[in-house]
Amino acid sequence: MKLDGIIPAIVTPFDKAGDVNYAELKRLVELLLEEGADGFYVTGSTGECFLLTDEERTRVVAAVAEAANGKVPVIAHVGKIGAAQAAHLAKEARKAGASAVSSVPPFYYNFQTEEIAGYYGVISDAADLPVVIYNIPQYSGVSINADNMEEIMGQSRIEGLKYTDLNLYELGRIRRKFPDIKIMFGKDESLLYALSVGVDGAIGSTYNFMLKMFKRIWNAYREGRFQEAEKLQHKASSLISEMLRVKNIIAAEKYLLGKKGIDCGICRAPFRPLREEEKRILDGIGDVD
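Now for a quick tour of the structure. (Residues numbered from 1 in each chain as written. Predicted model: local features only at pLDDT ≥ 70, side-chain atom pairs only at ≥ 80, totals over all residues. Heavy atoms only, no water.)

When you go through the protein chain residue by residue, the secondary structure sums to 12 helices and 8 strands. The C-alpha atoms of the protein chain give a radius of gyration of 18 Å, which matches the 19 Å a tight globule of 289 residues would have. Principal-axis analysis of the C-alpha atoms places the extent of the protein chain at approximately 50 × 45 × 35 Å. Burial statistics for the protein chain: of 289 residues in total, 56% are counted as buried. (Helix = DSSP H or I, 4+ residues; strand = E, 2+ residues; numbered from the N terminus. Rg over C-alpha atoms; globule rule 2.2 N^0.38 Å. Buried < 20%, exposed > 50% of the residue type's maximum accessible area, 1.4 Å probe, protein only.)

Here it is as structure tokens:
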């Protein structure tokens, strides 16, 4: 599986009735392909995964895979607390056309490392696809590091890591210890700094609406135009800072995508709709290309 470059973790559009809007989802995929997406990460945090039914999660994977039409990889997040439930989603994702599956570590019960390793082993055996660990300790409460990752990899076929954490020291330890694994960075506001650690690319939320800018950062860095890359990263980070004033970044991204002609609706409850003053903040965000 080709896993590198800039990969949007895409939102899940909903219609006015609150159902998944598969037509708009396909339009979003087509738009992002035109803008240079190197893959798609679906039904992750940005996709409101835990607010979707299992059937919806599988149908979203199928819709994205159909729209991508084999041009780029489609990574399906199948995370659950239970190993059997995640394994079932992994099997369905493979049937739906996923190129790889991904999962947060099992959370809530403060599982031990050997239990987390076993969880990924069950997914790996069920999926018959590359597995990408999703490290997002801010939400999961579980930190994947160079030490526990070794035990996890001993029980499963791990080919990638989505590292959504600002601890670049630990990221460097993982890179040195596992030189062959594909590492995708997940903190968009700090992408440039992670590139110097040796990541293979990035999977990010804000790439839904500012993909072109991050592709320019990626290309400038790879071509040695470091000052240009730094200038672009500063601009992107400033825009993200404005977005974060809204608190719900998923709702903010859906609103901004609406300005690009993709009607994503609102987030599912218990998320609340954006307030008018929040929309005004987003209306003030300038050019994102």
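The tendency in soluble globular proteins is for nonpolar side chains to be buried side by side. Ranked by size, the top nonpolar core spans 91 residues in total, and within it Ile-10, Phe-40, Val-42, Val-64, Val-101 and Phe-214 carry the most contacts. Of the residues forming this core, the biggest block, 9 residues, is contributed by helix H9 (residues 207-222). Apart from residues no more than four positions distant in its own chain, Phe-40 is found in contact with Ile-7, Pro-8, Ile-10, Val-29, Leu-32, Leu-33, Val-64, Ala-68, Val-72, Pro-73, Val-74 and Ile-75. If you look at the next biggest cluster of nonpolar residues, it comprises 12 residues, including Leu-3, Ile-7, Ala-9 and Tyr-41. (Core = buried A, V, L, I, M, F, W, Y, C linked by side-chain atoms within 4.5 Å. Contact = heavy atoms within 4.5 Å.)

This part is about the environment of Glu-114. Within the secondary structure, Glu-114 sits in helix H4 (residues 113-127). Placed 86 residues apart in sequence, Glu-114 and Leu-28 show a C-alpha to C-alpha distance of 39 Å.

Turning our eyes to something else, we now look at the pattern of salt bridges. Going through the model one piece at a time under the given rule, you end up with 21 salt bridges. In this structure, Arg-245 and Glu-242 form a salt bridge, with 3.0 Å as the shortest nitrogen-oxygen distance. Judged by relative accessible area, Arg-245 falls into the partly exposed class, the value being 47%. Looking at Glu-242, the relative accessible area reads 32%, which means it is partly exposed. Among the ionic contacts, a cluster of salt bridges with common partners joins Asp-147, Glu-150, Glu-170, Arg-173 and Lys-177. (Salt bridge = Lys/Arg side-chain N within 4 Å of Asp/Glu carboxyl O.)

In this section: the side chain of Ser-124. In this fold, Ser-124 is placed in helix H4. Note on Ser-124: relative accessible area 1%, which makes it buried. Leave out the neighbours within four places in its chain, and Ser-124 touches Val-131, Ser-156 and Arg-157.

What follows is about the sheet that holds strand S7 (residues 182-185). Note: strands within a sheet are paired through backbone hydrogen bonds, in either parallel or antiparallel orientation. Read across the sheet, 8 strands follow the order S1-S8-S7-S6-S5-S4-S3-S2 without closing on themselves; strand pairing throughout is parallel. Of all strands in the sheet, those bounded by a partner on one side alone are strand S1 (5-8) and strand S2 (40-42). On average, each strand axis in the sheet is inclined to that of its neighbour by 25°, with strand direction left out of account. In this structure, S1 lies alongside strand S8 (residues 201-204), joined through 4 bridges in parallel fashion. What sits directly across from Pro-8, in S8, is Gly-204. (Pairing = 2+ DSSP bridges. Axes fitted to C-alpha atoms, helices over the stretch in contact; angles between N-to-C directions.)

Sheet topology places strand S6 (residues 158-163) next to S7; 4 bridges connect them, and they run parallel. The partner of Leu-161 across the bridge, within S7, is Ile-183. Since S6 and S7 lie parallel, the crossover through helix H7 (residues 168-177) that links them has a hand, and here it is right-handed. Where S7 meets S8, 2 bridges bridge the pair, whose relative direction is parallel. The residue of S8 that forms the bridge with Phe-185 is Ala-202. (Right-handed = clockwise from strand over helix to strand, strands pointing away.)

The next point concerns the packing of H9 against helix H10 (residues 226-243). Here H9 crosses H10 at 155°, and the two axes come no closer than 8 Å. Between H9 and H10, the angle falls in the class roughly antiparallel. The crossing of H9 and H10 is left-handed. Contacts between H9 and H10 involve Phe-209, Met-210, Met-213, Phe-214, Arg-216, Ile-217, Ala-220 and Tyr-221 from the former and Phe-226, Glu-228, Ala-229, Leu-232, Gln-233, Lys-235, Ala-236, Leu-239, Ile-240 and Met-243 from the latter. Tallied by class, residues from the contact of H9 with H10 come to 14 nonpolar, 1 polar and 3 charged. (Parallel < 35°, antiparallel > 145°, perpendicular 65-115°, else oblique. Left-handed = near helix turned anticlockwise from the far one by under 90°. Nonpolar A, V, L, I, M, F, W, Y, C, P; charged D, E, K, R; others polar.)

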